[in-house]
Amino acid sequence: MNSAFSHDVVVIGGGGHVGLPLAIALADRGSKVVVYDISASAVDVINSGRVPFSEPGAEPVLRRALDAGMLTASTDPSVVATAANVIVVIGTPVDEHLNPDPTAIPEALESCSRYFRDGQLIILRSTVYPGVTALVEKMVADLGVQADVAFCPERIAEHKAMEELFTLPQIVSSRSEDGRQRAAALFGTLTDEIVHLEPEEAELAKLFTNTWRYIKFAAANQFYMMANDRGLDFERIRKGLTHNYPRAKDLPGPGFAAGPCLFKDTMQLAAFSDNTFNLGHSAMLVNEGLPLYLVSRLEKSYDLANMTVGILGMSFKAGSDDIRSSLSYKLRRVLKFKARAVIGTDPHVSDEVDDTLLPLEAVLQKADLLIIATPHEEYRNLETSLPVADVWNLLGDGVRV
C-alpha cells in the first residue's frame, strides 16, 4: 500500500453488480478496499456481510474480507481521498432518445472529484462511450490533480463473477506508462493474463465484445423465426448443423437477448458510427422484436383475448434476480393489449422488486397458457397440462410456436 493512503482501493458505485464482486475479489487477494456507494441501504447490507443481489460464491468471501478488516462500505464521499486506486463503475447511460451521454461519467464524478488526490490512479471499469476516458483525463487535469487515468473494462458475466474475475484475461489501458503498469499490477493480483491496449482501443474492444454477442443472438433469433414460420423446429436444425461441426458450434439457440449491457452497448456503437451501423440496428430490431413475434404467433393458434397468460421468468437471464432491461416486461406489456389477463412469476425476483408476481403454483392454477420467458432451471421439470410456448427448448419439446 502507498503510505500516503490508508486504503489500496476505493470502488465508486461499488454496491452494484459490477463493483461489489470486484471489491470483494480484490480484498480477498490482499488489497484493503472501501466501497463507496450513494445507496445507504446497499452499504448497510454490505457491512452486515450480505450481498444485496444474487452472485454465487460472493457472500462467504465478503464476510471473510469484513472479518479480516480488508473491506468496508461507506456513503461518505470523502473515503475517495483515502485510496491509492480509485475504481469507477458508473456506466454510460443512454438518454430518453436512446442516445449515449458521454458526459454522464464526468458529471457523476463531480460530487466526489474534490477528494481526488495527487498520486492516485483513477480506473474506469464500466463500459463507456468511446472518448470518455479522454474526457475524464481532461477533467482530472482541469482539477490540477496529478493522477493517472486508466480504462480497464470488466468482462464478467453475472453469476460467474467470483470465477471469471480470477480466470479471464484483463484488458488494461492508460495514456501513461506508469498508469498502465500500476493498473496491471493491481489486476495482476486477480488474474495472470494482462492484455495491454490504448484507451480508445480498449473502449472499442469492450463495445465490440458485447455487440458481437448481441449480433450472434440476433442471427439465431432470425433463423428461428424463418424456420418457425415454415412450421419447422429450429432447435432440431441447430442441433443437426452444429453436431461435430466446429465452425458452427457457437451458434446459440433462440431466446430473449436482454439485460443492461448488450442492447445499450449496441446503441452506443451505432451512435459512435454516426448511425451507419446497419448490422447493429438490424440486430436491435430482431432481438427487441422477438416478444411481439411470439405473441403474434400465439394469436394465430389461441384466442388470447379470452385467456389468462402466465409468464414464467421475469429476470433478464437464467438464475438471475436482475430485471434490468428484461424483455419479459416487454412481453408483458404486449400481452396486456392482447390477452384477457397477464400474470407472472419468478423464483429469483423478490416482492420488493416486483410486487405483482405470484408463486408458480398460483400461475399454474390461474393461467390458460404459459410462456417461458426466462429459462430458469426451476422450470426444467415443469409438469403441466397447459400449453407452453418454450422458445428456449427448456422442456426439450422443441421451439415451435
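Structure: see above.
Within each chain, residue numbers correspond to sequence positions counted from 1 in written order. Given that the model is predicted, a residue must reach a pLDDT of at least 70 before its local features are reported, and side-chain atom pairs must reach 80 or more before they are shown or counted; all residues, however, enter totals for whole chains, interfaces and linings. Water and hydrogen atoms play no part in the side-chain values, which are based on all heavy atoms of the structure.

A. View of the overall build of the chain. Numbering of helices and strands runs from the N terminus; a helix is a DSSP stretch of H or I covering at least four residues, while a strand is a stretch of E covering at least two. A count of helices and strands for the chain gives 13 helices and 12 strands. Each radius of gyration reported is based on C-alpha atoms, and the globular scaling rule is 2.2 Å times the count of residues to the power 0.38. For a compact globule of 401 residues, the expected C-alpha radius of gyration is about 21 Å, and the chain comes in at 23 Å, within 12% of that figure. Taken along the three principal axes of its C-alpha coordinates, the chain extends 70 × 45 × 45 Å. Each residue is assigned to one of three classes by its accessible area relative to the maximum for its type, calculated with a 1.4 Å probe on protein chains only: buried under 20%, partly exposed between the two thresholds, exposed over 50%. When burial is assessed residue by residue, the chain has 53% of its 401 residues classed as buried. Looking at the chain as shown, the accessible area adds up to about 17800 Å², and 52% of this sits on carbon and sulfur atoms. Averaging the positions of the 37 positive and the 52 negative side-chain charges in the chain gives two centres separated by 6 Å. Under the convention used here, a 1.4 Å probe and the Shrake-Rupley method define accessible areas, while residue burial counts only the protein chains that appear. The charge count treats Lys and Arg as positive and Asp and Glu as negative. His and the chain ends do not count. Charge coordinates come from a single atom per side chain, which is NZ of Lys, CZ of Arg, CG of Asp or CD of Glu.

B. Spotlight on the sheet that holds strand E3 (residues 71-74). With respect to topology, eight strands assemble into an open sheet ordered E3-E2-E1-E4-E5-E6-E7-E8, the strand pairing being mixed. Whereas interior strands pair on both sides, the edge strands pair on one side only; in this sheet they are E3 and strand E8 (194-197). Each adjacent strand pair in this sheet contributes to an overall mean axis angle of 25 degrees, direction not counted. Criterion used throughout: strands pair if DSSP finds at least two bridges between them. In the sheet, strand E7 (residues 170-174) pairs with E8 via four bridges, with the strands oriented parallel. When the bridges of E8 are listed, Ile171 appears paired with Val195. Set on the sheet, helix H1 (residues 19-28) makes contact with strand E1 (7-12), strand E2 (33-36), E3 and strand E4 (83-88); between it and E2 the angle comes to about 165 degrees. Contact between two residues is taken to exist if any of their heavy atoms lie within 4.5 Å; hydrogens are not considered. Lines fitted to C-alpha atoms define the axes, with helix axes restricted to the stretch in contact, and inter-axis angles between N-to-C directions lie between 0 and 180 degrees. Lying on the sheet, helix H2 (residues 40-47) is in contact with E2 and E3; it crosses E3 at an angle near 160 degrees.

C. Representation of the layout of surface pockets within the structure. In this structure, the second largest pocket spans a volume of roughly 440 Å³. A 1.4 Å probe that fits into a set of points on a 1 Å grid over the protein atoms alone but cannot get out defines a cavity; an open set with protein on both sides within 12 Å along at least five of seven lines defines a pocket, and lining residues are those with an atom within 4 Å of a point. Contributing to the lining of the second largest pocket are 19 residues, with His17, Pro52, Phe53, Asp321 and Val353 lying nearest its centre. Polarity classes work like this: nonpolar for Ala, Val, Leu, Ile, Met, Phe, Trp, Tyr, Cys and Pro, charged for Asp, Glu, Lys and Arg, and polar for all others, with Gly in that last group. Taken together, the residues of the lining of the second largest pocket sort by class into seven nonpolar, eight polar and four charged. Grid points are joined across faces, edges and corners, and a volume is the space filled by probe spheres set on the points.

D. Representation of the sheet that holds strand E9 (residues 308-312) within the structure. Spatially, E10-E9-E11-E12 is the arrangement adopted by the four strands of the open sheet, whose pairing is parallel. For this open sheet the edge positions go to strand E10 (341-345) and strand E12 (388-389), each flanked by a neighbour on one side alone. Alignment of strand E11 (residues 369-372) against E12, held across two bridges, turns out to be parallel. Note on E12: the bridge partner recorded for Leu370 is Val388. On the sheet, helix H12 (residues 327-338) packs against E9, E10 and E11 and is oriented at approximately 175 degrees with respect to E9.

E. Spotlight on helix H9 (residues 234-242). Among all positions of H9, only Phe234, Glu235, Arg238 and Thr242 are buried. Buried residues of H9, seen end-on, are gathered within an arc of 95 degrees and therefore sit on one face of the element. Seen from the open side of H9, the exposed residues pointing more than 90 degrees away from its buried face are Arg236 and Gly240. For the purposes of these results, a polar contact is taken to be a pair of N or O atoms within 3.5 Å, where, inside protein, one atom must be able to donate a hydrogen and its partner to accept one; residues adjacent in sequence count only when each atom of the pair is a side-chain atom. Between the side-chain oxygen of the N-cap and the backbone nitrogen of Glu235 there are 3.0 Å, and the N-cap of H9 in question is Asp233. At the C-terminal side of H9, Asn244 shows a positive phi close to 50 degrees. It is the directions from the helix axis to the C-beta atoms that the arc portrays.

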